[in-house]
Amino acid sequence: QQQVKQSPQSLIVQKGGISIINCAYENTAFDYFPWYQQFPGKGPALLIAIRPDVSEKKEGRFTISFNKSAKQFSLHIMDSQPGDSATYFCAATTSYGKLTFGQGTILTVHP
Amino acid sequence: SQTIHQWPATLVQPVGSPLSLECTVEGTSNPNLYWYRQAAGRGLQLLFYSVGIGQISSEVPQNLSASRPQDRQFILSSKKLLLSDSGFYLCAWGSDNSPLHFGNGTRLTVT
């Protein structure tokens, strides 16, 4: 019940395309859903986050879509750029507690 | 603003040697502190977390231990390293009012 399932494991997108990464969870007590971006050799950095009282949150080219009834959320990267190439992790938690992470998606954006 | 420091950035240690990795947080008090390990190409595994001085919770039984001698200091230790302890170790901090923020990690290679 604590798992967060993330897909796909890897994703290749052309520059300018849309990158979509999906996550699903089971624990209905989760109330905070962040996405982290990790570049090689660096720690994950908080990218964008959402709470279940909204269905969408947009920050620049990054958008989280949240479907509470389906217990799913996704990250959309519009106009993907080579600099977006990184590993992306979704996560879920209760009240900023311990994060349960997805397994990560390696995104490669070709120029 | 809050910052998190981890050192060293890289470490090569022989099998059977001891280990001490240190993490400190600045700009906040009574943070929740976490140690994660990331194997190559894989997700984030929570090793230990602490909600206060001297309070340590272990998530995975293993060859490692953690201590929190001061409010903003978190130490990861081992008495005798194993080959399987190689990996990327990440310290993170959070609070009731803040999501998780990661340090830049320590790349440990046990030879």
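Computed from a predicted structure; not experimentally measured. (Residues numbered from 1 in each chain as written. Chains lettered and ligands numbered in written order. Predicted model: local features only at pLDDT ≥ 70, side-chain atom pairs only at ≥ 80, totals over all residues. Heavy atoms only, no water.)

Turning our eyes to something else, we now look at a nonpolar patch on the surface. Residue and element names in this part refer to chain A. Taken together, the side chains of I18, I20 and M78 make up a nonpolar region of the molecular surface, amounting to roughly 240 Å² of accessible area. Structurally, the position occupied by M78 is in the loop between strand 8 (72-77) and strand 9 (86-92). Exposure remark for M78: the relative accessible area of 34% places this residue in the partly exposed category. (Patch = residues over 30% accessible without salt bridge, like charges linked within 9 Å, V, L, I, M, F, W, Y side chains within 5 Å. Areas by Shrake-Rupley, 256 points an atom, 1.4 Å probe, with all protein chains shown as cover. Salt bridge = Lys/Arg side-chain N within 4 Å of Asp/Glu carboxyl O. Helix = DSSP H or I, 4+ residues; strand = E, 2+ residues; numbered from the N terminus. Buried < 20%, exposed > 50% of the residue type's maximum accessible area, 1.4 Å probe, protein only.)

Counting from both sides, the interface comprises 15 residues of chain A and, opposite them, 20 residues of chain B. The contact between chain A and chain B buries some 1500 Å² in all, and 59% of this surface belongs to carbon and sulfur atoms. Counting across the interface, chain A meets chain B through one salt bridge. Here E59(B) ties to K98(A) by a salt bridge, and the two come within 3.2 Å at their closest N and O atoms. In this structure, the connection of chain A to chain B is made through three residue pairs in polar contact (both at pLDDT 80 or more). Taken together, the residues that form the side of chain A that touches chain B break down as eight nonpolar, five polar and two charged. (Contact = heavy atoms within 4.5 Å. Buried area = accessible area lost by both parts, 1.4 Å probe. Polar contact = N/O pair within 3.5 Å; in protein donor to acceptor, adjacent residues only side chain to side chain. Nonpolar A, V, L, I, M, F, W, Y, C, P; charged D, E, K, R; others polar.)

The next point concerns the packing of aromatic side chains. Each aromatic ring pair is summarised here by two numbers: the centre-to-centre distance and the angle between the ring planes. Taken as a whole, this structure holds 18 aromatic pairs over all chains when the rule is applied. Judged by centre distance (6.2 Å) and plane angle (55°), the ring pair of Y25(A) and F73(A) falls under tilted. Of this pair, Y25(A) sits in strand 3 (residues 19-25) while F73(A) sits in strand 8, and the two are 48 residues apart along the sequence. In this pair, the class of Y25(A) matches that of F73(A), namely buried. When the ring of F33(A) is compared with that of F66(A), the centres are 4.8 Å apart and the planes differ by 50°; the resulting orientation is tilted. With F33(A) in strand 4 (residues 33-38) and F66(A) in strand 7 (residues 62-67), this pair connects stretches of sequence that are 33 residues apart. Across this residue pair, the class does not change: F33(A) and F66(A) are buried. Put simply, the rings of Y36(A), F89(A), F101(A), Y34(B), Y36(B), Y49(B) and F102(B) pair up and form one aromatic cluster. (Phe/Tyr/Trp six-rings, centres within 6.5 Å; stacked < 30°, edge-to-face > 60°.)

Moving on to the sheet that holds strand 3 (residues 19-26) of chain B. Residues and elements named next belong to chain B. Within the open sheet, the four strands sit side by side as 1-3-8-7. Their pairing is antiparallel. Every other strand in the sheet has two partners, leaving strand 1 (3-7) and strand 7 (65-70) as the edge strands with one partner each. Taken over all neighbouring pairs, the strand axes of this sheet differ in orientation by 20° on average, direction set aside. One ladder, built from four bridges, connects strand 7 with strand 8 (residues 73-78); its direction is antiparallel. Within strand 8, the position partnered with A66 by the bridge is L76. (Pairing = 2+ DSSP bridges. Axes fitted to C-alpha atoms, helices over the stretch in contact; angles between N-to-C directions.)

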